[in-house]
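Okay, here's what each chain looks like letter by letter:
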Amino acid sequence: MKNLFIYYSLTGSGDKVAEELKKQGYEIRKVKSKVKYPKSLFPLMMKGGHRALTNKKDDLEDFDTNLKGYDKIVIGSPVWDDRLAPATNALLDKLDLKGKNVSFILYSGSGQAQKATEKIQELFGKEPIILKAPKKHPQELAKLKDF
Ligand SMILES: Cc1cc2nc3c(=O)[nH]c(=O)nc-3n(C[C@H](O)[C@H](O)[C@H](O)COP(=O)(O)O)c2cc1C
C-alpha cells in the first residue's frame, strides 16, 4: 500500500498527525500558504475566520501535485470558523482527486466541525475523522490507529 498524507497546519496540530501517519508508513506532503496570518490570537481569528467564512482560497507555495500511484490519499486540515481552512480550499482546487480513494482528517479546537463535515460529505460522500487539537491533546492521535 502506498499512502499519502497531504496537509496544511498553521499552529502544529497537523504536524502531530503527520508524525503519527509517517510512523504508519505514509508519505507526507505539507502545503504552505503565502498569506501572512497574524501571530497574535485575536487578529488571527478575525482574519483567518473571515477568510474561511467567505470560502477564500489562499495562494499556496509551489508543491508536488502528482498523485499517481497512491492507494490512499488523506487530506489534513485545521478547522477555521467551523469550516476548512482557506489553504485547504486552495489545496482541493489544485489536486485532481477524481477517481481517487480520498479521506479527511480535520483538527479543531473543539473536536467539532459541522460545516467542514457537510462540505466533505457533499464533495466526497464521506465523514472525516475529527481530532481535538492533537498538539494539545496527543491522546487524540489514538483515533488514527489502523486508520
Ligand atoms: C482562524 C482560526 C479559526 C478557528 N476556528 C475554529 C472553529 O471554528 N472551531 C474550532 O473548534 N476550532 C477553531 N480553531 C482552532 C483550530 O481548529 C485548532 O487549533 C487546530 O488544531 C489548528 O490546527 P493546526 O495547529 O494544525 O493549524 C480556529 C483556529 C484559527 C487559527
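Residues numbered from 1 in each chain as written. Predicted model: local features only at pLDDT ≥ 70, side-chain atom pairs only at ≥ 80, totals over all residues. Heavy atoms only, no water.

**Some remarks on the environment of His-137**
Then, in step 1: Topologically, His-137 is positioned in the segment after strand S6 (129–132).
Then, in step 2: Judged by its relative accessible area of 24%, His-137 is partly exposed.
Then, in step 3: Sequence separation of His-137 and Ser-13 is 124 residues, and the distance between their C-alpha atoms is 9.1 Å. (Helix = DSSP H or I, 4+ residues; strand = E, 2+ residues; numbered from the N terminus. Buried < 20%, exposed > 50% of the residue type's maximum accessible area, 1.4 Å probe, protein only.)

**Notes on the site of the ligand**
Then, in step 1: In the vicinity of the ligand there are 20 residues, among which Ser-9, Thr-11, Val-79, Asp-82 and Ser-110 approach most closely.
Then, in step 2: The backbone of Gly-14 places a nitrogen or oxygen atom 2.8 Å from an oxygen atom of the ligand.
Then, in step 3: A distance of 2.7 Å separates an oxygen atom of the ligand from a polar backbone atom of Asp-82.
Then, in step 4: In the complex, 84% of the free accessible area of the ligand, which totals 640 Å², lies under the protein chains. (Near = heavy atom within 4 Å. Polar contact = N/O pair within 3.5 Å; in protein donor to acceptor, adjacent residues only side chain to side chain. Areas by Shrake-Rupley, 256 points an atom, 1.4 Å probe, with all protein chains shown as cover.)

**Some words on the layout of surface pockets**
Then, in step 1: Its boundaries defined by the atoms lining it, the largest pocket holds a volume of some 650 Å³.
Then, in step 2: In terms of lining residues, the largest pocket is bounded by 24 residues, among which Thr-11, Val-79, Trp-80, Ser-108 and Gly-109 are the most central.
Then, in step 3: The set of elements that each furnish at least two residues to the lining of the largest pocket consists of helix H1 (13–23), helix H2 (41–53), strand S3 (72–80) and strand S5 (102–108).
Then, in step 4: For the lining of the largest pocket, the element with the highest residue contribution is H2, accounting for five residues.
Then, in step 5: Taken together, the residues of the lining of the largest pocket break down into nine nonpolar, 11 polar and four charged.
Then, in step 6: In this structure, the second largest pocket encloses a volume near 280 Å³.
Then, in step 7: Looking at the second largest pocket, it is lined by 15 residues, and the ones nearest its centre are Tyr-8, Leu-10, Val-35, Tyr-37 and Lys-39. (1 Å grid on protein atoms, 1.4 Å probe; cavity = no way out; pocket = protein on both sides within 12 Å on 5 of 7 lines; lining within 4 Å. Points joined across faces, edges and corners; volume = space filled by probe spheres on them. Nonpolar A, V, L, I, M, F, W, Y, C, P; charged D, E, K, R; others polar.)

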